[in-house]
Amino acid sequence: MRQSAVLLYIFDVIKTQPAQLEADLAQLLHPNTQLLVVANKMDLNPYTEYKHYANPHFTAEQWIPISAANEMNIEYLKERLYQTVVSNEVSMDAAIVSNVRHYEALQKAKESLEAVIQGLGSAVTTDFIAMDIRHSLAYLGEITGEISTEDLLDNIFSRFCIGK
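Calculation criteria
Residues numbered from 1 in each chain as written. Predicted model: local features only at pLDDT ≥ 70, side-chain atom pairs only at ≥ 80, totals over all residues. Heavy atoms only, no water. Helix = DSSP H or I, 4+ residues; strand = E, 2+ residues; numbered from the N terminus. Buried < 20%, exposed > 50% of the residue type's maximum accessible area, 1.4 Å probe, protein only. Contact = heavy atoms within 4.5 Å. Areas by Shrake-Rupley, 256 points an atom, 1.4 Å probe, with all protein chains shown as cover. Salt bridge = Lys/Arg side-chain N within 4 Å of Asp/Glu carboxyl O. Pairing = 2+ DSSP bridges. Axes fitted to C-alpha atoms, helices over the stretch in contact; angles between N-to-C directions. Expected span 1.5 Å × (residues − 1). Arc of directions from axis to C-beta. Core = buried A, V, L, I, M, F, W, Y, C linked by side-chain atoms within 4.5 Å.

A. Inspection of the overall build of the protein at higher detail. In terms of helices and strands, the protein carries six helices and three strands. N-terminal to C-terminal, the α/β element order of the protein is β-α-β-α-β-α-α-α-α. Buried positions account for 31% of the 164 residues belonging to the protein. Partitioning the intrachain contacts of the protein with sequence separation of at least 6 by distance along the chain shows that 65% fall at a separation of at least 24. Carbon and sulfur atoms provide 54% of the accessible area of the protein, an area that totals close to 10900 Å².

What follows is the structure, encoded as structure tokens:
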């Protein structure tokens with residue numbers, strides 16, 4: 001999330017205190033992130049206002065009160081998100097990962113691939129390198145679906161001469 005171009009921070013106005021919102025944003029935001037703060041469950045607490053949660057991380061324009069259950073302001077939220085993405089505020093060069101599980105799988109795949117690179121540069125056997133490749137493929141498979149690791153490994157090892 002720290003590398004996201006847009007952060008859509010959705011919180012429950014009943015359960016989330018202003019201090020928690022401020023602490024979360026302090027951890028999540030980086031200078032190039034565009035932020036939309038979505039206050040959900042406004043139907044349960046209609047007296048909640050921007051000024052109750054105001055802090056240095058966002059402005060009133062970034063505050064979007066909604067009720068997901070009653071579909072209150074959902075169209076406005078979509079419009080604001082669209083405006084944020086299509087405007088010059090967001091760099092379209094970066095990939096957007098919207099799922100925490102996918103982000104974690106990508107991080108683990110990256111770690112496994114770094115182990116492959118490190119293994120290729122040292123005296124690690126091809127069995128261990130293949131194991132790291134299998135791990136990275138399994139993590140990517142969590143995102144994209146089933147991947148045939150044997151076919152891919154056969155292809156890799158048939159094209160490259162890797163010494164033991």
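Past the structure itself, the notes keep going.
B. Spotlight on the pattern of salt bridges. In this structure the tally under the stated criterion is four salt bridges. The partner of Lys-41 in a salt bridge is Asp-12, with the nearest N and O atoms 3.0 Å apart. Here the residue Lys-41 occupies a position in the loop between strand S2 (34-40) and helix H2 (50-53), and Asp-12 occupies one in strand S1 (residues 6-12), the gap between them amounting to 29 residues.

C. Spotlight on the sheet that holds S1. Strands sit in the order S1-S2-S3 across an open sheet of three strands; the sheet is parallel. On the outer flanks of this sheet lie S1 and strand S3 (63-65), each paired with one strand and no other. Mean inter-strand twist for the sheet, computed between neighbouring axes without regard to direction, equals 20 degrees. Sheet analysis places S2 next to S3, joined by three bridges and oriented parallel. Directly across from Val-38, in S3, lies its bridge partner Ile-64. Sitting on the sheet, helix H1 (residues 18-28) touches S1 and S2, and the angle it makes with S1 is about 160 degrees.

D. Layout of helix H3 (residues 74-86). Helix length check: H3, at 13 residues, gives a terminal C-alpha distance of 18 Å against a target of 18 Å (1.5 Å per residue), a fit within 8%. Taken residue by residue, H3 has Leu-77, Arg-80 and Thr-84 as its buried positions. What you see down the axis of H3 is that its buried residues fit within an arc of 65 degrees, all on one side. H3 presents Glu-75 and Tyr-82 as exposed residues on the side facing more than 90 degrees away from its buried surface. Buried-residue contacts for H3 involve S1, S2 and S3.

E. Expanded view of the nonpolar core. In terms of nonpolar packing, the biggest core is built from 15 residues, with Phe-11, Leu-21, Leu-25, Leu-35, Val-37 and Phe-58 touching the most fellow members. Look past the residues within four positions of Phe-11 in its chain and what remains in contact with it is Thr-16, Leu-21, Val-37, Val-38, Ala-39, Asn-40, Tyr-53 and Trp-63. Core analysis: the second largest hydrophobic core is formed by five residues, Leu-36, Val-38, Ile-66 and Leu-77 among them.

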